[in-house]
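# Notes for the structure review
So you can see what is in the structure, the chains are spelled out below.
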Amino acid sequence: MNERDSVEARLDALDAKVSELLSHQRRQAELIDELRPVLRAMTDAGVARLGELEERGYFAFGAELVRVADRVVGAYTDEDVRAFGDAIVGILDTVRHVTQPEVLAVARDAADAARASDRVQARGVLGILGEARDREVQRGIAVALEVLRRVGRGAAGARSRQAGSPLAAMLAPRLAPSPSVSNQPASRRASAPAPRAASPAAASAAPAAAEVLAFVADGEWSRAYAESRAADSGVVGFGDAHWAVVEFARAEHASAGQSPNVRRITTGTGLTTKQLYTLFPRAPGVTIARCAGIPKPVGCL
């Protein structure tokens with residue numbers, strides 16, 4: 001085979017490969033042409049479905065869920081999540097017991113009785129004693145007493161565990177109001193020395209009491225102002241533990257330039273979320289900011 005025959009053989013092989021590539025490309029183009037109407041129909045159906053979901057409020061609901069998740073993350077610490085994980089089995093067991101048909105039937109009957117309360121006649125002592133002869137009433141009283149007994153037992157155990165906490169001394173003015181603190185006039189409490197911070201972290205973060213009180217966020221802040229806002233928010237027995245939290249919030253705002261949320265407060269003061277809610281029951285993040293005279297934390301309503 002001479003050189004000319006070799007070149008012709010190569011050209012023939014190249015021509016065959018080009019023809020094969022063109023054939024593949026032609027088949028792909030035909031497939032795309034066939035799929036184009038299907039893809040268009042799928043796109044139209046997807047857009048219509050998304051529009052339907054938007055009209056029904058799914059997207060708005062999802063956005064609100066994201067806001068709820070953000071508030072949950074800001075309100076609970078890593079310690080709270082770990083405690084929730086440790087207690088998840090007990091929580092699920094409680095939910096299972098509560099959702100048993102017989103328990104739900106009792107709850108439904110109680111709800112029906114509450115809705116019909118306007119048709120129930122008031123009874124005096126003698127009427128109550130007369131009703132107490134009914135076997136069902138006696139059984140209900142026995143169940144209520146047993147529930148109260150167990151609640152009291154659990155409350156006693158919770159108080160004993162709390163008493164062993166290093167924060168028990170600071171929480172004492174709120175959980176068991178003392179006349180020496182809670183019942184003092186506002187003028188005497190305003191002149192009292194600043195309380196100690198809840199933890200070494202809070203002590204290192206907060207400046208001296210005079211510096212904290214000297215920082216006025218809204219031009220009118222004072223201890224009397226804080227006590228007034230606390231009373232408006234339903235805080236009862238404003239004592240040393242409350243002042244420690246409020247002063248930490250003011251110091252945090254002065255140093256960081258923003259108001260601390262619940263998670264930052266629990267981390268900085270050493271308090272748990274439950275203890276913070278004990279001190280400030282109604283929306284603690286916003287209530288603390290009001291008492292401290294600083295803007296509400298980001299994410300709080």
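Above this note sits the structure.
Here's a quick rundown of the structure. (Residues numbered from 1 in each chain as written. Predicted model: local features only at pLDDT ≥ 70, side-chain atom pairs only at ≥ 80, totals over all residues. Heavy atoms only, no water.)

### Some details on the overall build of the protein chain
- Along its length, the protein chain carries 15 helices and 0 strands.
- Residue burial in the protein chain is summarised as follows: out of 301 residues, 22% are buried.
- Contacts in the protein chain between residues at least 24 apart in sequence constitute 68% of all its contacts with a sequence separation of at least 6.
- As displayed, the protein chain offers around 20,700 Å² of accessible surface, 60% of which is attributable to carbon and sulfur atoms. (Helix = DSSP H or I, 4+ residues; strand = E, 2+ residues; numbered from the N terminus. Buried < 20%, exposed > 50% of the residue type's maximum accessible area, 1.4 Å probe, protein only. Contact = heavy atoms within 4.5 Å. Areas by Shrake-Rupley, 256 points an atom, 1.4 Å probe, with all protein chains shown as cover.)

### Comments concerning helix α13 (residues 262-269)
- Residues of α13 that are buried: V262, I265, T266, G268 and T269.
- At the exit of α13 stands G270, carrying a positive phi of roughly 85°.

### Some remarks on the nonpolar core
- Grouped together as the largest cluster of nonpolar side chains are 23 residues, with contacts concentrated most on F238, V245, V246, L276, F280 and I288.
- Looking at this core element by element, the count peaks at 6 residues for helix α12 (residues 240-256).
- Here I288 is in contact with V245, A249, I265, L276 and F280, once residues within four sequence places are set aside. (Core = buried A, V, L, I, M, F, W, Y, C linked by side-chain atoms within 4.5 Å.)

### Observations regarding the environment of S233
- Along the chain, S233 falls in the loop between α11 (223-232) and α12.
- Given a relative accessible area of 8%, S233 falls into the buried group.
- Through-space distance from the C-alpha of S233 to that of V286 is 9.5 Å; in sequence the pair is 53 residues apart.
- What S233 contacts, discounting residues up to four positions off in sequence, is R282, T287 and R290.

### Considering the packing of aromatic side chains
- Tallied over the full model, the rule gives 2 aromatic pairs.
- Summarising the aromatic geometry, the rings of F238 and W243 are spaced 4.9 Å apart at their centres and angled 85° between planes, so their arrangement reads as edge-to-face. Of the two residues, F238 and W243, neither departs from the other in class, the shared state being buried.
- On the numbers, 6.4 Å between centres and 75° between planes, the contact of F238 with F280 is edge-to-face. (Phe/Tyr/Trp six-rings, centres within 6.5 Å; stacked < 30°, edge-to-face > 60°.)

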